[in-house]
Structure formats: C-alpha cells, structure tokens
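# Topology and contacts: notes
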Amino acid sequence: MEEYDVIIVGAGPAGLTAGIYAGREGLKSLIIEKNVKGGNANTAPVILNYPGFNSIPGLELLKKIGKQAEKYIEIRESEEVLEVQKNNKKLLLTTNKAKYSTTAIIFCSGTTYRKLGVKGETEFVGKGISYCSICDGMLFKDREVIVVGGGNSAAEHALHLHDIGVNVKIIHRRDALRAQDYLIKKIDDEGIPILWNTVLTEIEGDMFVKSVKIHNRKTGEDDVLKVNGIFIAVGENPNSKIASELGVEINSNNYIITDKYYKTNMDGVFAAGDITGGVNQLIVSCGEGAAAAVNAYDYVKQVE
Ligand code: NAP
C-alpha cells in the first residue's frame, strides 16, 4: 500500500491549487482525479474575473494551472476513489486501481452537472446534447440550438453560442433569469430569444437530436421545437457521497461543512472548492484549496 502525507481528491481549481501548495511544502502528496485535470471549469466558455487575465477560456486557464501543479505533485487521472476509511490516525483510500494510506485528505471533488431527467436525455448525450458550449459549440454553427436553464452558466453558454454563429434560444422554467445582471443585459442587447415559463418534456431524434417537446407552464400549451442541439445548464450536485460515507458532516444540500480552516468534523479531513458550496467562483476555489493545504500541512506535522 502506498503511503502519503496528504492525498487530494479531485483535480479542479481547488485540488490543483491544493496540490501546488502541498507539493511546495514538501509533503509527500498525490492528486487522484477520476476524469481529467480541470474539472467543470474546463467547460466555461470565457472567464472574465480571474485576476491577471482580462479574458481567458476556462480550458486554457485550467491547462496553465494543471501544468504548474505538475511541477510539484503527481496527478493520477482516470482513477476513481471508491471508498475512504478511517484506521486510527490514518485514512485508507481504495480506488479502482490501488489502495493508499494517508495522514490527511483534502476533498476537492466538486460537483456534477444536474440532469433534467426527461426522456431521451441519457440516450442523446454526445448526439446533440452537451453540457459544454466551448467544447461542442462549433459543431452547431448556423444550426438551431436551445440552452436550458436560467443561471449564469446558461447565460454564458447562450452568449458564447450566439457569438460563434449558432442560432440559439434559451428555455427557462420561470419568468426571470437568475443570472447576473450584466449577463442578462448582454442577452437582451444581443437579442437572444427566451422561451419563458417553459419546460422541456422530451428529447426526440434518430442518430442525433431532431426535436424537443416543450410545455408552457403558464398557458398549458404543448409544442414541438425542431433543434439540432441542446445545451443543458440546470445547476450542479455536490460529489460528497464518499466523504459522507466516511463520516464527514454534510449540509441539507449535500455540501461538505468545514470550519474557517477548511477542516471538516473529522481529524485530518479537509475540503475545498465547490464541494463546500458557497459562491462557486474559480478564484475562491483556488483560495480554499491553498488554505486547506496549508492547514493540512500543520495537521500532518502535528501528528507525525
Ligand atoms: P444555478 O445558478 O443553480 O442555476 C440553475 C438554473 O437551472 C436555474 O435557473 C434553475 O431554475 C434552472 N433549473 C434547475 N433545475 C431545473 C430543471 N429540472 N428544469 C429546468 N430548469 C432547471 O446553476 P449554474 O448556472 O450552473 O451555476 C452554478 C453556480 O456557479 C452558481 O453559483 C453560479 O453563480 C456559479 N457560476 C458563476 C459564473 C460566473 O461568475 N460568471 C459562471 C457560471 C456559474 P430557477 O431559476 O427556476 O431555479
């Protein structure tokens, strides 16, 4: 069994930054990531509020952070943590590839895009349904696309798709967007149509998406809309199950509860980034990752 001082679960902004700090502090440390480095931030079309960059695509920024992290810490991608158990002062991790023992763990496992739960959604992922306009947007240039949702992500996807020449409409279940005002104004200025009080009830197609069934919650009318693509942006669910099974306290929305040192209710167990809830801002996740690693260092030195 490989032994570490600290293992970081997840290689998004929080995990990568925690890794930079843990590695530079001289801790024997490792990041385990079930997919690839970057996390959900990879899918942000453009980031306008990360200090030092006026405007940068999420993928590009996270590539830079990932490269910097690799200078200090090993990152194992495509490896999934299945279970963490407490054994006296050690934490034992089981992944789909190996077993590890560590003194401290930092959960930076972020969130997973929420699904709509309608017929056709699972079937057409990658065949017209996408969660990432920066990855897949160009496939739909000059074609008909809908964005589902009314938050910042939906607004940003719609604006990006519009910018690259996609014919985009927003479908939102209420009569007001919850996105920030500057995004709402931009959507208005660009004339992006919004179907208000409308929910998607079914996705239809053959090899690819061809149409969606929609329902207006106010008028009660049903309709069919011919579309080539659907970008779903209806929020996120925290990936806190493994932590919760270990005994880490979570709140009623399944976010991990930490104190101001990013320590959970369990000794040696820290959490940082979107998994802790809060404002969901990249810079905040990075800051939390850094703070968690500094505090994990103190813990490791105390225990060892
Ligand atoms: P969000 O803010 O939670 O918004 C989700 C949207 O989807 C809401 O408009 C919600 O409708 C709608 N929705 C939820 N479930 C639905 C369902 N089953 N069917 C139809 N619509 C549904 O999620 P997000 O936009 O992904 O953002 C997540 C977090 O990241 C937020 O804290 C956000 O501020 C942050 N973020 C920030 C930036 C930025 O700072 N530029 C960019 C992206 C994301 P209701 O409005 O009716 O609830």
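This report concerns the structure included in the present document. (Residues numbered from 1 in each chain as written. Predicted model: local features only at pLDDT ≥ 70, side-chain atom pairs only at ≥ 80, totals over all residues. Heavy atoms only, no water.)

It is worth spelling out the overall build of the protein at this point. Secondary structure summary: the protein contains seven helices and 17 strands in total. Expected size for 304 residues packed as a compact globule is a radius of gyration near 19 Å; at 21 Å, the protein falls within 12% of this value. Structurally, the protein occupies a C-alpha span of about 65 × 40 × 35 Å along its principal axes. Burial status across the protein gives 48% buried among its 304 residues. A fraction of 59% describes how many contacts in the protein between residues 6 or more apart in sequence connect residues 24 or more apart. Carbon together with sulfur atoms contributes 48% to the accessible area of the protein, which is approximately 14900 Å² in total. Charged side chains of the protein number 35 positive and 39 negative; the gap between the two group centres comes to 2 Å. (Helix = DSSP H or I, 4+ residues; strand = E, 2+ residues; numbered from the N terminus. Rg over C-alpha atoms; globule rule 2.2 N^0.38 Å. Buried < 20%, exposed > 50% of the residue type's maximum accessible area, 1.4 Å probe, protein only. Contact = heavy atoms within 4.5 Å. Areas by Shrake-Rupley, 256 points an atom, 1.4 Å probe, with all protein chains shown as cover. Lys, Arg positive; Asp, Glu negative; His and termini not counted. Charge placed at Lys NZ, Arg CZ, Asp CG, Glu CD.)

Turning our eyes to something else, we now look at the layout of surface pockets. By volume, the second largest pocket is sized at about 180 Å³. Taken together, Gly126, Lys127, Gly128, Ile129, Ser130, Asp136, Leu139, Phe140, Arg143, Phe208, Val209 and Asn228 make up the full set of residues lining the second largest pocket. The class makeup of the residues in the lining of the second largest pocket is five nonpolar, four polar and three charged. (1 Å grid on protein atoms, 1.4 Å probe; cavity = no way out; pocket = protein on both sides within 12 Å on 5 of 7 lines; lining within 4 Å. Points joined across faces, edges and corners; volume = space filled by probe spheres on them. Nonpolar A, V, L, I, M, F, W, Y, C, P; charged D, E, K, R; others polar.)

Moving on, we get to a positive patch on the surface. A cluster of like positive charges, contributed by Arg114, Arg173, Arg174, Arg178 and Arg217, occupies part of the molecular surface. By the element assignment, Arg217 lies in the loop between β13 (209–216) and β14 (222–226). (Patch = residues over 30% accessible without salt bridge, like charges linked within 9 Å, V, L, I, M, F, W, Y side chains within 5 Å. Salt bridge = Lys/Arg side-chain N within 4 Å of Asp/Glu carboxyl O.)

With that settled, consider the state of the cysteines. This structure, assessed with the given rule, holds one disulfide. For Cys132, the disulfide goes to Cys135, at an S-S distance of 2.0 Å. The S-S bond linking Cys132 to Cys135 shows a torsion near 75°; that makes this disulfide right-handed. The structure places no disulfide on Cys108, whose sulfur is separated from the nearest cysteine sulfur, that of Cys286, by 10 Å. Owing to a relative accessible area of 7%, Cys108 belongs among the buried residues under this scheme. (Disulfide = S-S within 2.5 Å.)

With that out of the way, let us pick up the sheet that holds β14. In any sheet, the strands associate via hydrogen bonds between backbone groups, in a parallel or an antiparallel arrangement. Strand order in the open sheet formed by three strands is β12-β13-β14, with antiparallel pairing between adjacent strands. Taken across any chain shown, the strands that pair with only one partner, and hence form the sheet edges, are β12 (198–205) and β14. Going across the sheet, the axis of each strand differs from the next one's by a mean of 25°, ignoring polarity. Relative to β14, β13 is paired through five bridges, and the arrangement is antiparallel. For Val212, the partnering residue across the bridge sits in β14 and is Leu225. (Pairing = 2+ DSSP bridges. Axes fitted to C-alpha atoms, helices over the stretch in contact; angles between N-to-C directions.)

Let's shift gears to the sheet that holds strand β11 (residues 194–195). Taking strand neighbours across the sheet as the criterion, the five strands line up as β8-β15-β9-β10-β11 in an open arrangement whose pairing is parallel. Of all the strands in the sheet, just β8 (129–130) and β11 have a single pairing partner and so form its edges. Bridge count between strand β9 (residues 144–148) and strand β15 (residues 229–232): four bridges; the pairing is parallel. Bridge assignment links Val148 to a residue of β15, and that residue is Ile232. Taken strand by strand, helix α4 (residues 152–163) contacts β9, β10 (167–171) and β15, and its axis lies near 165° from that of β9.

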